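Residue strings, one per chain:
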Amino acid sequence: MAASAAAAVSVVGVRALGRRAGDRLLDAPRVTPGEAAIAGELDALGGEVIRLRSRDGLRLAGRWLPAEGVDGDRSPDPYEAILVLHGYSGSVAPDLVEYAPFLRRTANVLGLEFRGHGGSDAGPSTFGMLEVEDIAGALAWLGERGIRRVALFGTSMGGMAAITAVAVLGDGSLAAADASPDATRAELDAPRPAIAAVVADSVSPEAELAVANRIRTPLRRFLAARAFDSAARRLGADPRDTEPSRVIGLVAPVPLLLIHGEADTTVPLEDARRLAATGGPTTQLWTVPGADHSRSHAVAPQDYERRVTDHMRMAFTAARDHDQRDEGRDL
């Protein structure tokens, strides 16, 4: 009798722990402590603070940075843009300060703040599942302003969301989205701009993995699983259903560049290699010795910028040529 009572108490305790962990999982920090120190660098980028709506109606914040300068004999195409997608904690400001100076030499840049982050409306962080609705809203905003081709650039959770977005929304080349209708709870409409390329830095193949590796206890995988179980009950849908390992095969033919630090302790290198191995023929993996999670650019800035730039420019050129051939056939 005493043993069964103790077991019942234990089950109740595990459920309560799971609920608390699930609530914390969905409630990401809006800003990180270091963001105040980079306010001057963010302002120096210029551009325009903008507001847009997610596909399911939330008000989102972002910053629009027009392309600038001529790189060699190449001028950025005014009809192309790069959508920058941040990680689990904080706003998009740190990513814009770090990456926008070289990205905007290739195209216009839109830095998007996901729901529950920065200046956007409150909303749960779901490792890509609901962030797809934010990306769809950003694509619509870009399309309304004449942008025809978009590259997605995401770090950590932002990279996960970028991969999920292509799988769920399609690449924009079809009349309707090319994903299962139960992949998201919202009605699927193909985005107006075509998604020409994806760069995903420090991506976890499974949502549980990245969370578990930040928990300092031998029970980390168990606790992470319970947190996601609780989050799924609260959301009415499971964020693990759209994690990269489940959907990466749907990204092709969009060129996907995975970047990963070989010293990443949040998502070990073997997991990045496992994810890359399940990608399609247009997926490639570049690893950076000595780089921890989302630190590859800091460790190897010149190689990083060259590889990302080459990847996006080749993809934009191919998409532009495709558009011109289509226009020629329509004449």
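The following paragraphs examine the structure supplied in this document.

Calculation criteria
Within each chain, residue numbers correspond to sequence positions counted from 1 in written order. Local features in this predicted model are restricted to residues whose pLDDT is 70 or higher, and side-chain atom pairs enter the listing and the counts only when it is 80 or higher, whereas totals over whole chains, interfaces and linings include all residues. Excluding hydrogens and water, the side-chain values take into account all heavy atoms of the structure. Note on aromatic pairs: the rings of Phe, Tyr and Trp (six-membered ring only in Trp) are paired at centre separations within 6.5 Å, and the planes decide the class, stacked below 30 degrees, edge-to-face beyond 60, tilted for the rest. Counting from the N terminus, the helices are DSSP H or I runs at least four residues long and the strands are E runs at least two residues long. Partly exposed residues are those whose accessible area sits between 20% and 50% of the maximum for their type, while under 20% is buried and over 50% is exposed, using a 1.4 Å probe and protein chains only. By definition here, charges over rings are those cases where NZ of Lys or CZ of Arg is within 6 Å of the ring centre and within 35 degrees of the ring normal. We define a salt bridge as a side-chain nitrogen of Lys or Arg found within 4 Å of a carboxyl oxygen belonging to Asp or Glu. Residues are said to line a cavity or pocket when one of their atoms sits within 4 Å of a point; the points come from a 1 Å grid over protein atoms alone, cavities being sets where a 1.4 Å probe fits but cannot get out and pockets being open sets with protein on both sides within 12 Å along at least five of seven lines. Grid points are joined across faces, edges and corners, and a volume is the space filled by probe spheres set on the points. Residue type decides the class: Asp, Glu, Lys and Arg count as charged, Ala, Val, Leu, Ile, Met, Phe, Trp, Tyr, Cys and Pro as nonpolar, and the leftover types, Gly among them, as polar. What is meant by a nonpolar core is a set of buried Ala, Val, Leu, Ile, Met, Phe, Trp, Tyr and Cys residues, joined one to another through side-chain atoms within 4.5 Å. Residue contacts are defined here by distance: any two heavy atoms, one from each residue, within 4.5 Å place the two residues in contact.

### Quick notes on the packing of aromatic side chains
This model, assessed by the stated rule, comprises eight aromatic pairs. Centroid distance Phe102 to Tyr304: 6.4 Å. Interplanar angle 85 degrees. Geometry classified as edge-to-face. Of this pair, Phe102 sits in helix H3 (residues 93–103) while Tyr304 sits in helix H11 (residues 301–330), placing them 202 residues apart in sequence. Side by side, Phe102 and Tyr304 carry an identical accessibility label, which is buried. In this structure an aromatic cluster arises from ring pairing among Tyr99, Phe102, Phe153, Trp286 and Tyr304. Cation over ring: Arg148 sits above Tyr79, and NZ or CZ is 4.0 Å from the ring centre.

### A closer look at the environment of Gly170
With respect to the helices and strands, Gly170 occurs in the loop between helix H5 (157–169) and strand S6 (194–201). Counting along the chain gives 82 residues from Gly170 to Ala252, while the straight-line C-alpha distance between them is 10.0 Å.

### Brief notes about the pattern of salt bridges
Across all of its chains, the model carries 21 salt bridges by this definition. One salt bridge in this structure joins Arg149 and Glu80, with 2.8 Å as the shortest N-O distance. In this pair, Arg149 is assigned in strand S5 (residues 149–155) and Glu80 in strand S3 (residues 80–85), connecting sequence segments 69 residues apart. The exposure classification of Arg149 matches that of Glu80, with both residues buried. Among the charged side chains, a salt-bridge network with shared partners connects Glu208, Arg226, Asp229, Asp238 and Arg240.

### With respect to the layout of surface pockets
By volume, the largest pocket amounts to about 1100 Å³. In this structure, the largest pocket is lined by 41 residues; those nearest its centre are Tyr88, Ser89, Ser156, Ala210 and Arg214. Broken down by element, the residue count for the lining of the largest pocket peaks at six residues, all from helix H1 (residues 2–26). The space that makes up the second largest pocket amounts to roughly 340 Å³. In this structure, the second largest pocket is lined by 16 residues; those nearest its centre are Asp171, Ile195, Ala196, Ala319 and His322. Breaking the lining of the second largest pocket down by element, the ones donating at least two residues are S6 and H11. Across the lining of the second largest pocket, the residue classes tally to ten nonpolar, three polar and three charged.

### Thoughts on the nonpolar core
Grouped together as the largest cluster of nonpolar side chains are 56 residues, with contacts concentrated most on Leu83, Leu110, Ile135, Leu152 and Ile163. In terms of residue count, H5 provides more of this core than any other element does, ten residues in total. Residue contacts for Leu110: discarding those within four places in its chain leaves Ile50, Leu52, Arg63, Trp64, Ile82, Leu83, Val84, Ala138, Trp141 and Leu142. Leu42, Leu103, Ala300 and Tyr304 belong to the second-largest nonpolar core, a separate cluster that totals 33 residues.

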